[in-house]
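Next come the chains, spelled out residue by residue.
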Amino acid sequence: MLNINPQTAPFTLTPDNQVPEAIRDTEYWDDGGDVLLVTKDGTVVFLCMDMLIRYSETIRGLLNHIAGVPQEGLWTPILELQCSVTELRAVLEYLRLQEQGIQPSVDSLARYALSAYTLGIQALDDTALTGLLACARDRMDTYTNWEGITEIRPPPLNPEHAILASRALPEPASSILAITFIDLSVFAPSKAALYPSSEALALRDPNDEDTIILLRERHSELVDSLLKLSRNFGRRRSLAKVGRPCCSFEAFAVDHTPNLHVNAAMKGRSALSIITAAGAALETARSREASAPKDFKQEDQHLSDYKGHSSSPCSSCLTELHLEMMRLYSLWLEDMGRLLMGEPQTNRFSVWDNIRDRLRNSQTPVLRTKSGLRQRIGRFCRRMLHTVGDLLFRRDVA
Ligand SMILES: [Zn+2]
């Protein structure tokens, strides 16, 4: 039963002391509620405090405080939150799924984690962290074990959400940053889309844009190296005295030169698709040669020699080309790692080894341990100071 004290309400009430329709949340308004939440953008949510007390540290702390104070006049408590209505709805959506025993997708979890940041919901932090770590391990394996034959699929969650969430979540969440930045630089649609305005401001890093630009410059260089390799294949081959000039990949280079107007954001994908195209051509050449009758093979070879091999290069040239492309890819991946994390530790071969270890050794979050708990309390206090420090609690004093 809603009973607002007109003296302390942080918004204008209707003549009969009700919350105006215009500022009521359309999704979360429970007529049987017992606490009003006011978001920083002025939307009012009416809920049962029971669910919030169960899941939110921040709200539990504040509500326990009122619970211990005699409720004179039985005014409905009003909490002003330093989060937007979008953030609050995300958390409430998660809590509802939780009550129904439904597991949200990893992308939703990352999105919810941003909101959990302000509300201190440990159950959500734990689930989101576990989901993000599993996803990062998978992406890491995808990039490091890639054979250059099938396409690398886009990540299953928005990398921007993952980056912001990793900053909101406790350690070892930061281990996912490097691999997520690669996903972001390769798969995010464009620079303009970096962090939609609704996302948690406090978690953005002003250097992120520069990081992405830097990574994309390397993608563009990789595209150039791959094309140059294809164009100069014949010449390189005769220089190296591997044998007489055989196939040419100049036509391949022309076919795969990205349109001049291709957005810088697309260069990473272009590079990967050039390698995939060579990989696919290699597979085709192998199966063609395997299925061709033996005596036709020679003839084929001569015929294609005559044609300059432009249409269907032989599998041994393609193997050479593809191997060299994969060497460039490995250098690129290692370079990405160094740009993002600096030089590897002395006894490490690859800069990614450290990250792989950290991701592997953190199957479950560390929050249960004592030091984890201290860390968490520390983080919670910082949250209180920086993010919800000015979270206002209004209680009836009449
Ligand atoms: Zn050849």
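Residues numbered from 1 in each chain as written. Predicted model: local features only at pLDDT ≥ 70, side-chain atom pairs only at ≥ 80, totals over all residues. Heavy atoms only, no water.

Chemist: Looking at this model, I keep getting lost on the confidence of the model for the protein. Mind explaining?
Modeler: Detailed reading of the predicted coordinates is not advisable wherever pLDDT is low. Residues with a pLDDT of 70 or more make up 74% of the protein, whose mean pLDDT is 76. Confidence over residues 302-310 falls short of pLDDT 50; this stretch has eight contacts with residues more than four positions distant or in other chains. Interface confidence for the predicted complex, given as ipTM, is 0.98, next to a pTM of 0.71. (pLDDT = per-residue confidence, 0-100. Contact = heavy atoms within 4.5 Å.)

Chemist: Hey, could you run me through the nonpolar core in this one?
Modeler: Most often, soluble globular proteins keep nonpolar side chains buried together rather than apart. Within the largest apolar cluster, 84 residues are counted, with the highest numbers of intra-cluster contacts made by Leu37, Leu92, Leu95, Tyr143, Met325, Tyr329 and Trp352. At 10 residues, helix α13 (residues 315-341) tops the list of elements feeding residues into this core. Aside from chain neighbours lying at most four places away, what touches Tyr329 is Tyr143, Trp146, Ile152, Leu222, Leu272 and Ile275. Leu2, Ala9, Leu36 and Val44 belong to the second largest nonpolar core, which has 12 residues in total. (Core = buried A, V, L, I, M, F, W, Y, C linked by side-chain atoms within 4.5 Å. Buried < 20%, exposed > 50% of the residue type's maximum accessible area, 1.4 Å probe, protein only. Helix = DSSP H or I, 4+ residues; strand = E, 2+ residues; numbered from the N terminus.)

Chemist: Would you take a moment to explain the side chain of Ser175 for this structure?
Modeler: For Ser175, the location among the structural elements is in the loop between α6 (159-168) and α7 (177-187). Setting aside chain neighbours within four positions, we find Ser175 in contact with Ile355, Arg358 and Leu359.

Chemist: Where do I start with the packing of helix α5 (residues 122-144) against helix α14 (residues 352-360) in this structure?
Modeler: Geometry of a packed helix pair, given as the angle between the helix axes and the separation of the axes. One way to put it is that α5 packs onto α14 with a least axis distance of 10 Å and a crossing angle of 145°. Taken as a pair, α5 and α14 cross one another with a handedness that is left-handed. Between α5 and α14, the residues in contact are Leu133, Ala136, Arg137, Met140, Asp141 and Thr144 and Trp352, Ile355, Arg356, Leu359 and Arg360, respectively. Among the residues forming the contact of α5 with α14, the class breakdown is six nonpolar, one polar and four charged. (Axes fitted to C-alpha atoms, helices over the stretch in contact; angles between N-to-C directions. Left-handed = near helix turned anticlockwise from the far one by under 90°. Nonpolar A, V, L, I, M, F, W, Y, C, P; charged D, E, K, R; others polar.)

Chemist: What's the story with the coordination of the zinc ion in this structure? I'm lost.
Modeler: Six octahedrally arranged donors around a metal ideally form angles of 90 or 180 degrees; four tetrahedrally arranged donors ideally form angles of 109.5 degrees. Protein coordination of the zinc ion is provided by Cys246 (SG), Cys247 (SG), Cys314 (SG) and Cys317 (SG), with donor distances spanning 2.2 to 2.3 Å. With four donor atoms in place around the zinc ion and angles of 104 to 116° between them, the coordination shape is tetrahedral. Taken in sequence order, the residues that donate to the zinc ion follow the motif C-C-x66-C-x2-C. (Donors = N, O, S within 2.8 Å, 3.2 Å for Na, K, Ca; no water. Tetrahedral: all angles 85-135°; square planar, octahedral: opposite > 155°, others 65-115°.)

Chemist: Help me understand the pairing of strand β3 (residues 44-47), please; the structure alone is not making it clear to me.
Modeler: For a regular strand, side chains alternate in direction, first toward one face of the sheet and then toward the other. Of the two faces of β3, the one carrying Val44 and Phe46 and the one carrying Val45 and Leu47 are both buried. Where strand β1 (residues 24-29) lies against β3, two bridges are found, and the strand directions are parallel. When the sheet's bridge partners are listed, Trp29 is paired in β3 with Phe46. Examined bridge by bridge, strand β2 (residues 35-38) and β3 share four bridges and lie antiparallel to one another. Bridging from a neighbouring strand, Val38 pairs with Val44 of β3. In this antiparallel pair of consecutive strands, β2 and β3, the connection spans five residues, and Gly42 shows a positive phi of 85°. (Pairing = 2+ DSSP bridges.)

Chemist: Any chance you could explain the pairing of β2 here in plain terms?
Modeler: Residues Val35 and Leu37 point to one face of β2 and Leu36 and Val38 to the other, with burial holding for every one of them. Note: β2 against strand β4 (residues 78-80), three bridges, orientation parallel. Bridging from a neighbouring strand, Leu37 pairs with Leu79 of β4.

Chemist: Teacher, can you tell me more about the pattern of salt bridges here?
Modeler: Proximity of charged atoms lets side chains of opposite charge pair with each other. Summed over all chains, the structure comprises 13 salt bridges. Put simply, Arg153 and Glu151 hold a salt bridge, and the shortest N to O gap is 3.8 Å. For the pair Arg153 and Glu151, one class covers both residues: exposed. Residues Asp353 and Arg356 are paired through a salt bridge, measuring 3.1 Å at the closest nitrogen-oxygen approach. (Salt bridge = Lys/Arg side-chain N within 4 Å of Asp/Glu carboxyl O.)

Chemist: How do you make sense of α13 when you look at a structure like this?
Modeler: Side chains that are three or four residues apart share a direction in an α-helix, a result of its 3.6 residues per turn. End to end, α13 covers 38 Å across 27 residues, agreeing with the expected 39 Å (1.5 Å per residue, within 8%). Two residues or fewer after α13 comes Gly342, characterised by a positive phi angle close to 80°. (Expected span 1.5 Å × (residues − 1).)

Chemist: I tried to follow the packing of helix α11 (residues 267-291) against α13 on my own but got confused; where do I start?
Modeler: Relative to each other, α11 and α13 sit at 155°, their axes nearing to 9 Å. Here α13 runs roughly antiparallel to α11, going by the angle between their axes. As α11 runs across α13, the sense of the crossing is left-handed. Every residue of α13 that contacts α11 at Leu272, Ile274, Ile275, Ala278, Gly279, Ala281, Leu282, Ala285, Arg286 and Glu289 is listed here: Ser315, Leu318, Thr319, Leu321, His322, Met325, Met326 and Tyr329. Tallied by class, the residues present in the contact of α11 with α13 amount to 12 nonpolar, four polar and two charged. (Parallel < 35°, antiparallel > 145°, perpendicular 65-115°, else oblique.)

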